[in-house]
Amino acid sequence: MSLNNSELAVLLDKARRGDLRATGKLLTIMEDPYRLPPEFFDMVASQAGRAHVIGVTGIPGAGKSTLISRLIPELRRRGARVAVIAIDPTSPISGGALLGDRLRMQDHAMDPGVFIRSVSTRGLKGGLSLAALSMIELFDALGYEKILVETVGVGQAEVDIMSAAHTILVVTMPGVGDDVQALKAGVMEIGDIYVLNKSDLPDAQKAYEYLSFALDKGELGSYDSGWTPKLFKVSAVMGQGMAELADAIDEHASYIRSIGLARLKVASRRLTLIRLMSERMLTVAVEEEFKRVKAELEAKALKAKGILAEASEVARRACKNLDNLPPT
Amino acid sequence: MSSPQYIEERPFKVIVAKIGLDGHDRGAKVIARALKDAGFEVVYTGIRQTPEQVARAAVEEDADVIGISILSGAHIHHIQRLMEKLKEMGADDIPVVVGGTIPVIDVDKLKELGVKDVFLPGESLRRITDVIRTLAEERRRKVRLL
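Everything quoted here is computed from the prediction, not taken from an experiment.

What counts, and at which threshold
Residues numbered from 1 in each chain as written. Chains lettered and ligands numbered in written order. Predicted model: local features only at pLDDT ≥ 70, side-chain atom pairs only at ≥ 80, totals over all residues. Heavy atoms only, no water. Phe/Tyr/Trp six-rings, centres within 6.5 Å; stacked < 30°, edge-to-face > 60°. Buried < 20%, exposed > 50% of the residue type's maximum accessible area, 1.4 Å probe, protein only. Lys NZ or Arg CZ within 6 Å of the ring centre and 35° of its normal. Contact = heavy atoms within 4.5 Å. Buried area = accessible area lost by both parts, 1.4 Å probe. Salt bridge = Lys/Arg side-chain N within 4 Å of Asp/Glu carboxyl O. Polar contact = N/O pair within 3.5 Å; in protein donor to acceptor, adjacent residues only side chain to side chain. Helix = DSSP H or I, 4+ residues; strand = E, 2+ residues; numbered from the N terminus. Nonpolar A, V, L, I, M, F, W, Y, C, P; charged D, E, K, R; others polar. Pairing = 2+ DSSP bridges. Axes fitted to C-alpha atoms, helices over the stretch in contact; angles between N-to-C directions. Parallel < 35°, antiparallel > 145°, perpendicular 65-115°, else oblique. Left-handed = near helix turned anticlockwise from the far one by under 90°. Domains from an automatic or database assignment.

Caption draft 1: Structural context of the packing of aromatic side chains. All names here are of chain A. In the structure shown here, the tally under the stated rule is five aromatic pairs over all chains. Measuring from ring centre to ring centre gives 5.3 Å for Phe139 and Tyr144, while their planes differ by 85 degrees; the resulting arrangement is edge-to-face. One exposure class covers both Phe139 and Tyr144, and it is buried. By the ring-pair criterion, three or more aromatic residues cluster together here, those being Phe115, Phe139 and Tyr144. When the ring centre of Tyr144 is taken as reference, the NZ or CZ atom of Arg81 above it lies at 4.2 Å. The aromatic ring of Tyr208 is capped on one face by Lys233, whose charged end is 5.0 Å from the ring centroid.

Caption draft 2: Main features of the interface of chain A and chain B. Between chain A and chain B, the residue contacts involve 50 residues of the former and 39 residues of the latter. Summed over both sides, the interface between chain A and chain B buries roughly 3900 Å², with carbon and sulfur atoms accounting for 54% of that surface. The tally of links between chain A and chain B comes to four salt bridges. Among the ionic pairs, Arg102 of chain A bridges to Glu60 of chain B, the shortest N-O distance being 2.7 Å. Counting across the chain A and chain B interface gives 19 residue pairs in polar contact (both at pLDDT 80 or more). If you tally residues by element for the side of chain A that touches chain B, the top one is helix H2 (residues 20–31) of chain A, at eight residues. Of the residues assigned to the side of chain A that touches chain B, the class counts are 23 nonpolar, 13 polar and 14 charged.

Caption draft 3: Just the sheet that holds strand S2 (residues 41–49) of chain B, in detail. In spatial order, the strands read S3(A)-S2(B)-S1(B)-S3(B)-S4(B)-S5(B); together these six strands make up an open sheet with parallel pairing. For this open sheet the edge positions go to strand S3 (97–99) of chain A together with strand S5 (117–119) of chain B, each flanked by a neighbour on one side alone. Neighbour-to-neighbour, the strand axes of the sheet open up by a mean angle of 20 degrees, direction not taken into account. Of the strand pairs in this sheet, strand S3 (residues 65–70) of chain B and strand S4 (residues 96–100) of chain B are connected by five bridges, and their pairing is parallel. Considered in S4 of chain B, the bridge of Ser69 of chain B is made with Gly99 of chain B. On top of the sheet, helix H2 (residues 51–61) of chain B reaches strand S1 (13–19), S2 and S3 of chain B; it is set at about 170 degrees to S1 of chain B, its chief contact.

Caption draft 4: Spatial organisation of the packing of helix H10 (residues 261–302) of chain A against helix H11 (residues 307–322) of chain A. All names here are of chain A. It is the contact of H10 with H11, at a shortest axis distance of 8 Å, that shows an interaxial angle of 140 degrees. Here H10 lies oblique to H11, going by the angle between them. In the crossing of H10 with H11, the sense of the turn from one axis to the other is right-handed. Packed against H10, whose contacting residues are Met281, Leu282, Ala285, Val286, Glu289, Phe290, Arg292, Val293, Leu297, Lys300 and Ala301, the element H11 presents Ile307, Glu310, Val314, Arg317, Ala318, Cys319, Asn321 and Leu322 at the interface. Residue composition of the contact of H10 with H11, by class: 13 nonpolar, one polar and five charged.

Caption draft 5: The arrangement of the domain arrangement of chain A in detail. All names here are of chain A. Taken domain by domain, chain A consists of domain 1 (1–47), domain 2 (49–259) and domain 3 (274–322). Listed by partner, the interface residues are 16 residues for domain 1 and 15 residues for domain 2. Interface area, domain 1 with domain 2, both sides summed: about 1500 Å², of which 65% is carbon and sulfur. Linking domain 1 with domain 2 are one salt bridge, by the criterion used here.

Caption draft 6: Spatial organisation of the sheet that holds strand S7 (residues 193–196) of chain A. Residues and elements named next belong to chain A. Pairing is parallel across the open sheet formed by seven strands, whose spatial order is S4-S2-S5-S1-S6-S7-S8. Strand pairing shows two members of the sheet lacking a second neighbour, strand S4 (114–120) and strand S8 (230–233), which therefore form its edges. If you compare each strand with its neighbour and ignore which way they point, the axes differ by 20 degrees on average. The sheet contact formed by strand S1 (residues 52–58) and strand S5 (residues 146–152) spans seven bridges and is parallel. Each residue of the ladder has a partner; that of Gly55, found in S5, is Val149. On top of the sheet, helix H9 (residues 242–258) reaches S1, S5, strand S6 (167–172), S7 and S8; it is set at about 165 degrees to S8, its chief contact.

Caption draft 7: Structural context of the environment of Ile132 of chain B. Residues and elements named next belong to chain B. Position of Ile132 relative to the elements: it lies in helix H5 (residues 125–142). With relative accessibility at 2%, the residue Ile132 sits in the buried group. Measuring from C-alpha to C-alpha, the distance between Ile132 and Val97 comes to 8.0 Å, with 35 residues separating the pair along the chain. Excluding anything up to four places from it in sequence, Ile132 contacts Val14, Leu35, Phe40, Val65 and Val97.

Caption draft 8: Layout of the pattern of salt bridges. Applying the stated rule across the entire model yields 41 salt bridges over all chains. Of the charged contacts, one joins Asp247 of chain A and Arg78 of chain A as a salt bridge, the two residues approaching to 2.7 Å between their closest N and O atoms. Taken together, the positions of Asp247 of chain A in helix H9 and Arg78 of chain A in the loop between helix H4 (64–77) and strand S2 (82–88) put the pair 169 residues apart, joining distant regions of the chain. Here Arg275 of chain A makes a salt bridge to Glu279 of chain A, at a shortest N to O gap of 3.3 Å. With a gap of four residues between them, Arg275 of chain A and Glu279 of chain A both fall in helix H10, about one helical turn apart. A single network of salt bridges, built from pairs that share partners, joins Arg21 of chain A together with Asp62, Asp64, Asp93, Arg139 and Arg140 of chain B.

Structure below.
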């Protein structure tokens, strides 16, 4: 399918006027900005920059999807249009994926102010983050005020995506380890708001105390912006604690706006996008160049001749081929 | 096994859903799993969905194919409604297949409603994934922006 600017502009206009089919199609197109006419991306981005992007992360099974599902009506009640980007892993074996986050969010299917889109991690590395960042720009341009991005774990891709979020929710649950576990590097370091979900379970109070102790000691959470991370005990399944959590999310949004961080985050997500996009171009160029000289290199590799030297040669030629990229 | 950093061709995206008051989801889950193993991206929406919910999911996900599992006997009613909803949302170009305990005499009725294929009890997973792949490929060839 070839993409031309005027058709894309019509599609964008339809999406802005509430045509959900157009929005769905545009998201597919934005998933791989590599194929997009550069002017079109600017057209989208020029209309974006106002949305509040909320990253929701945490271990598998912590209840992220259920939490989002219960948070949506709370955010809707406050008048925001809500978009959700739900990321699930791709099978490294078959390349297929079972995207099941949506299963827990189907209550909102009839609400025109909610849009849920599932994405798989696919070929990974830069691909996922690039897709997610690009889709954030579109949702933002279409006037969704709250964009929730749900992802598992702490890989590089997640860190890239979370760097684009204004507010990061880290979701955990009772019974997944002691206080040392809570201090481990990674996901527990990046939260603005910590959510202890499933607080209806027996060990909830103990887990809450571990977490609040770690927070008090400053061993948990992100303090870079001067915000003191908060901890909430909720039960998404029972719908408990959602109003307080939504209040905290809004409070964090006002805080980062007041110190000018909200705008910086928009710039930072676009910087990440530029970096990932250039990595993408380089990768493609290297793969193509490598494919071209593979047979020739095989002989050299067997003779142990110039193995590392060839690497820089391939890289150099790949860069040279990049000069032939379509003009931007 | 190769693991490319970027997959050039987007995998086919299939919605697997159960419509109506019918909680028997073993079949739908087996299909979802088989499709995943065959390299599809499967969005599983779960049980007791309305036709409206399924149409909306297909639109939001920009699905290539919709697979509906029904064991309640209300297939004609629900599928008719689903087709109407898809049309209403400008998504009637997304092919729909149906599986479940469908009486043989209803197969043609479903096809008249626009269903591309109907899978009866005992159908092989191989044929189901093959049919869905062919439908997805056809749709990708025809797909238009506007």
